[in-house]
Amino acid sequence: MVGLVVVSHSQRAAEGIAEVAAEMGGDTRIEPVGGDGQGGIGTVPDDIEAALAAADDGDGVVVLVDLGSAVMNADVAIEMADAEAVIADAPVLEGAVNAAVAATSPTATLDSVREQAEAAREIDKL
């Protein structure tokens, strides 16, 4: 099953987003990661790499990020990781929910889950 990693500058935000996505994601592995490792705001490539390893069961991992430097640190973590992973260009909460639902499909692939996460850009809220 394709796993998910939610990267936020805030550990609490990452945990909350993962919690919401998990409501729709069945057995999907969803790993939240965030903060600077010392209780502050930021992201750390080593922590993201560890989350990638925890989320991967061999089918790859889709990564959802909140802000620009999270993308840079996620890219570094992906380069260091053994897991196959891609970053979805998606709103983090809506993308995580879409990806979690898509990952439950028995035919889910890394690309199909990423595509569903990115489809969240088109969701109207009003």
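Residues numbered from 1 in each chain as written. Predicted model: local features only at pLDDT ≥ 70, side-chain atom pairs only at ≥ 80, totals over all residues. Heavy atoms only, no water.

Caption draft 1: How the structure looks around the overall build of the chain. Across its full length, the chain holds five helices and four strands. Sequence-ordered secondary structure for the chain, helices as α and strands as β, is β-α-β-α-β-α-β-α-α. Expected size for 126 residues packed as a compact globule is a radius of gyration near 14 Å; at 13 Å, the chain falls within 12% of this value. Taking the principal axes of the C-alpha coordinates as reference, the chain spans close to 40 × 35 × 20 Å. Counting across all 126 residues of the chain, residues that qualify as buried make up 44%. Contacts in the chain between residues at least 24 apart in sequence constitute 75% of all its contacts with a sequence separation of at least 6. (Helix = DSSP H or I, 4+ residues; strand = E, 2+ residues; numbered from the N terminus. Rg over C-alpha atoms; globule rule 2.2 N^0.38 Å. Buried < 20%, exposed > 50% of the residue type's maximum accessible area, 1.4 Å probe, protein only. Contact = heavy atoms within 4.5 Å.)

Caption draft 2: Highlighting the nonpolar core. By size, the foremost hydrophobic cluster in this structure holds 22 residues, and its most contacted members are L4, V6, I30, V62, L64 and V113. Tallying contributions element by element places helix α4 (residues 92-103) first for this core, with six residues. (Core = buried A, V, L, I, M, F, W, Y, C linked by side-chain atoms within 4.5 Å.)

Caption draft 3: Structural context of the pattern of salt bridges. If you walk through the whole model with that rule in mind, you get four salt bridges. For R121, the salt bridge identified is with D89, shortest N-O distance 3.2 Å. Highlighted residues: R121 in the segment after α5 (110-119) and D89 in the loop between β4 (85-87) and α4, separated in sequence by 32 residues. Judged by relative accessible area, which is 52%, D89 ranks as exposed. One salt bridge connects K125 with E94, and the closest N-O pair in it is separated by 2.5 Å. Of this pair, K125 sits in the segment after α5 while E94 sits in helix α4, placing them 31 residues apart in sequence. (Salt bridge = Lys/Arg side-chain N within 4 Å of Asp/Glu carboxyl O.)

This is a description of form; function is not addressed.
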